[in-house]
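# Overview (structure and organization)
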Amino acid sequence: MADSEFRTGNRLKLLRSGAEYFPALLAAIASARHFVHLETYIFADDAAGRMIARALMDAAASGVRTRVIVDGFGSKRYFGSLRERLLNAGVELLIYRPDLTPWNLKRSRLRRLHRKIAVIDGAVGFVGGINIIDDMNTPGHTPPRHDYAVRVEGPLLEPLTEEADRLWRLVAWANFRQRWMGDTRHTGDYSVKGTQRAALVVRDNLHHRSDIEDAYLAAIEAAREEIILACAYFFPGVRFRHALMNAAARGVRVILLLQGRVEYALLHYASRALYGALLDARVQIVEYRKSFLHAKVAVIDGRWATVGSSNIDPFSLLLAREANIVVDDETFARELRDSLIEHMREGAAPVEREHWHKQPLMTRVRIWIAYGIARFLIGWFGYGGKH
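Here is a short report on the structure shown in this document. (Residues numbered from 1 in each chain as written. Predicted model: local features only at pLDDT ≥ 70, side-chain atom pairs only at ≥ 80, totals over all residues. Heavy atoms only, no water.)

## What about the pattern of salt bridges?
Inspection of every chain in the model, using the stated rule, returns 25 salt bridges. In this structure, the salt-bridge partner of Arg7 is Glu158, at a minimum N-O distance of 3.2 Å. Separated by 151 residues along the polypeptide, Arg7 in strand E1 (residues 7-16) and Glu158 in helix H4 (residues 157-174) bring together distant segments of the chain. Across the pair Arg151 and Glu153 runs a salt bridge whose closest N-O atoms are separated by 2.8 Å. On the basis of relative accessibility, which here comes to 22%, the residue Arg151 falls in the partly exposed class. (Salt bridge = Lys/Arg side-chain N within 4 Å of Asp/Glu carboxyl O. Helix = DSSP H or I, 4+ residues; strand = E, 2+ residues; numbered from the N terminus. Buried < 20%, exposed > 50% of the residue type's maximum accessible area, 1.4 Å probe, protein only.)

## Some remarks on a nonpolar patch on the surface
On the surface, a nonpolar cluster with roughly 740 Å² of combined accessible area is contributed by Leu266, Leu361, Met362, Val365, Ile369, Ile373, Phe376 and Leu377. Here the nonpolar patch takes seven residues from helix H12 (residues 361-383), the largest share from any one element. Along the chain, the position of Leu361 falls in helix H12. The exposure class assigned to Leu361 is exposed, which follows from its relative accessible area of 56%. (Patch = residues over 30% accessible without salt bridge, like charges linked within 9 Å, V, L, I, M, F, W, Y side chains within 5 Å. Areas by Shrake-Rupley, 256 points an atom, 1.4 Å probe, with all protein chains shown as cover.)

## Considerations on the nonpolar core
One finds Leu229, Phe234 and Leu256 to be the most contacted residues of the largest nonpolar core, which totals 46 residues. It is helix H6 (residues 238-249) that provides the largest number of residues to this core, a total of six residues. Sequence-distant contacts of Leu229, that is, excluding residues within four places in its chain, are made with Tyr216, Phe234, Phe240, Ile255, Leu256, Leu257, Val297, Ala298 and Ile312. (Core = buried A, V, L, I, M, F, W, Y, C linked by side-chain atoms within 4.5 Å. Contact = heavy atoms within 4.5 Å.)

## Considerations on H6
Helix length check: H6 (twelve residues) gives 16 Å between terminal C-alpha atoms against 16 Å at 1.5 Å per residue, within 8%. All of the buried residues in H6 are Phe240, Arg241, Ala243, Leu244, Met245, Ala247 and Ala248. Its buried side turned inward, H6 meets helix H5 (211-222), strand E10 (226-231), strand E11 (253-259) and helix H8 (275-280). (Expected span 1.5 Å × (residues − 1).)

## Comments concerning the packing of aromatic side chains
Under the defined criterion, the tally for this structure stands at ten aromatic pairs. Residues Phe235 and Tyr371 carry aromatic rings whose centres are separated by 5.9 Å and whose planes lie at 75° to one another, so their mutual orientation is edge-to-face. One end of the pair, Phe235, is in the loop between E10 and H6; the other, Tyr371, is in helix H12, with 136 residues separating them in the sequence. Feature note: the residues Tyr21, Phe22 and Phe126 constitute an aromatic cluster, connected by ring pairs. (Phe/Tyr/Trp six-rings, centres within 6.5 Å; stacked < 30°, edge-to-face > 60°.)

## Side note on the side chain of Glu39
Its place among the elements puts Glu39 in strand E2 (residues 35-40). Its relative accessible area of 1% is what places Glu39 among the buried residues. Once residues within four sequence positions are removed from consideration, Glu39 is found in contact with Ile69, Leu113, Arg115, Lys116, Ile117, Ala164 and Leu167.

## Focus on the pairing of strand E9 (residues 196-203)
Burial analysis of E9 places eight of its eight residues in the buried class, the great majority of the element. Burial of the side chains of E9 extends over both faces: Gln196, Ala198, Leu200 and Val202 are buried on one face and Arg197, Ala199, Val201 and Arg203 on the other. As paired strands, E1 and E9 are joined by two bridges and run antiparallel to one another. The partner of Arg7 across the bridge, within E9, is Ala198. Examined bridge by bridge, E9 and strand E16 (residues 322-328) share seven bridges and lie antiparallel to one another. Note on E16: the bridge partner recorded for Val202 is Ala323. (Pairing = 2+ DSSP bridges.)

## A look at the environment of Gly372
In this fold, Gly372 is placed in helix H12. When its relative accessible area of 39% is taken as the criterion, Gly372 is described as partly exposed. In sequence terms Gly372 and Arg272 are 100 residues apart; their C-alpha atoms lie 12 Å from each other.

## Here we look at helix H2 (residues 47-61)
With 15 residues, H2 should reach 21 Å at 1.5 Å per residue; the first-to-last C-alpha distance of 21 Å fits that figure. Turning to H2, the residues buried within the fold contact helix H1 (17-30), E2, strand E3 (65-71) and helix H3 (82-88). At the exit of H2 stands Gly63, carrying a positive phi of roughly 95°.

Here it is, written out as structure tokens:
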């Protein structure tokens, strides 16, 4: 990444899953005096969702301008009655691409709002991968859900606030909500709060189509000692795979912490078509099987770290709006690395190269059929049509 994209003087706090994220978010909303902005892919009508909704409604009742954007697909089956309750309480609510229907085969249908951002008074912000859904709400999977977010104070709040305002104006215009397009720009406290250096990196389908992937690739190509990448959904393209394999070839220890449980069968089996080549290149693959891994993070050489919403798959890298924070700080990177090592030690199992190449024929057939279907869908939804 260009040095100019980084802001120094930040105070960052790593938050592990909803157990740490939601109390921090609630405290920030309760302290709001001017505005609250929240973006999320899923806003669930469960214990955590109702708790956050109540805080938002209380903020609106006290005169704080309170804005929420949710994705039309991600929140469709989770939102429940919260939508009307928020609107009735004076919370300004927008739906990102609300017109999704099951029979819609347009290539743009999967261009979703997948990022998770919150900004309060331009003084406190949050970036990460945690939706507004309870850690124990994991239908079909063993709870809890494991993910990360970062609480931000300092100069990084300036681009974060600008990005939040930019998307609000865009979605308000697309939803013909001109009455919400007036005074949407906010200022905040962007003064020095600490010593940490970080950058906000976003992905969209216009000006920032590959920024998150490019940030990953630059860091991987510069790695000299170790790469630890944890990802819920892992199906990278050729450039990303080659970057990891080239790093391993030059002696870098490359560890992939991936979801071992089946959530989406097609992606689960398709991603395993990549295992053989990665293992042959001495990339270590560790599958988390204890519960539900939802993390989208990485630590490189004990200093470079990223936390965000972007998986390493076509949905995140080719289609969705995403947001990651990239941190250049040894203390932050060490804390994240320690957390990942703990997850690997307590709930993960390595994929052994020799065992992998001796899988039953039917397992290999299932994997390669899934891979072929996934490649076709990537070509259809990911590359065609207007963006």
